[in-house]
Amino acid sequence: MDPKSSLSSITYVDTERSIVAGQMKIIHTEYEIHLYEDKLIASTKEFNLMHVWDISYKTFSDNANLLYLHTYRGVLTYKVPRDPDRFVKTFKKLKNADY
């Protein structure tokens with residue numbers, strides 16, 4: 001699907017830690033979560049919106065938030081560098097329209 005046609009999107013950061021030549025190496029990679037009318041796509045995962053029960057978040061500071069996807073597979077956690085409120089509100093508005 002075309003990311004431009006998404007209703008909302010948010011950037012999340014994946015952190016990979018490894019030890020190379022006895023030194024800790026940390027790699028931060030940015031990905032996007034895209035919300036569409038019928039699905040939610042997060043890098044390698046895709047969910048039909050029927051299988052996403054809720055989205056919530058917890059803010060720790062201006063650039064540290066955890067976004068929680070409550071799905072039929074359990075709760076998935078994503079670290080997002082900006083306030084996810086707009087993304088969450090778009091999801092809830094879309095979800096409530098289905099009921």
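Refer to the preceding data block for the structure.
Residues numbered from 1 in each chain as written. Predicted model: local features only at pLDDT ≥ 70, side-chain atom pairs only at ≥ 80, totals over all residues. Heavy atoms only, no water.

Colleague: Explain the overall build of the protein here, please?
Modeller: A tally of helices and strands in the protein yields one helix and seven strands. Along its sequence from the N terminus, the protein presents helices and strands in the succession β-β-β-β-β-β-β-α. Projected onto its principal axes, the C-alpha positions of the protein cover 55 × 30 × 30 Å. Out of the 99 residues in the protein, the part that is buried amounts to 30%. In the protein, the proportion of contacts linking residues at least 24 apart, taken out of those at least 6 apart, comes to 41%. Summing over all exposed atoms, the protein offers an accessible surface of approximately 6,600 Å²; the carbon and sulfur share of this is 50%. Here the protein contributes 14 positive and 13 negative side-chain charges, whose respective centroids are spaced 3 Å apart. (Helix = DSSP H or I, 4+ residues; strand = E, 2+ residues; numbered from the N terminus. Buried < 20%, exposed > 50% of the residue type's maximum accessible area, 1.4 Å probe, protein only. Contact = heavy atoms within 4.5 Å. Areas by Shrake-Rupley, 256 points an atom, 1.4 Å probe, with all protein chains shown as cover. Lys, Arg positive; Asp, Glu negative; His and termini not counted. Charge placed at Lys NZ, Arg CZ, Asp CG, Glu CD.)

Colleague: What should I look at first to understand the pairing of strand β3 (residues 39-42) in this one?
Modeller: For a regular strand, side chains alternate in direction, first toward one face of the sheet and then toward the other. Neither face of β3 is exposed, since Lys39 and Ile41 on one face and Leu40 and Ala42 on the opposite face are all buried. Two elements, strand β2 (residues 23-35) and β3, share three bridges in a ladder whose sense is antiparallel. The residue bridging His34 from the neighbouring strand is Ile41, located in β3. Between β2 and β3, which pair antiparallel and follow one another directly, the connecting turn spans three residues. Relative to strand β4 (residues 45-48), β3 runs antiparallel, the two sharing four bridges. Opposite Lys39, over in β4, you have Asn48 as the bridge partner. Between β3 and β4, which pair antiparallel one after the other, the connecting turn spans two residues, and Ser43 there sits at a positive phi close to 45°. (Pairing = 2+ DSSP bridges.)

Colleague: What's the story with the packing of aromatic side chains in this structure? I'm lost.
Modeller: Applying the stated criterion across every chain, the model contains two aromatic pairs. A network of ring pairs unites the aromatic residues Tyr12, Tyr31 and Tyr78 as a single cluster. (Phe/Tyr/Trp six-rings, centres within 6.5 Å; stacked < 30°, edge-to-face > 60°.)

Colleague: Please explain the side chain of Thr71 as it appears in this structure.
Modeller: With respect to the helices and strands, Thr71 occurs in strand β6 (residues 64-71). On the accessibility criterion, Thr71 (2% relative accessible area) is buried. Among the polar contacts made by the side chain of Thr71, one reaches the main-chain carbonyl oxygen of Gly74 at a distance of 2.8 Å. Setting aside anything within four residues of it in sequence, one finds Thr71 in contact with Phe47, His51, Val52 and Trp53. (Polar contact = N/O pair within 3.5 Å; in protein donor to acceptor, adjacent residues only side chain to side chain.)

Colleague: Explain the side chain of Ser6 here, please?
Modeller: Residue placement: Ser6 occurs in the segment before β1 (8-20). The contact partners of Ser6, leaving out residues within four places of it in the chain, are His34, Leu35 and Tyr36.

Read these as layout, nothing more, since geometry by itself doesn't imply function.
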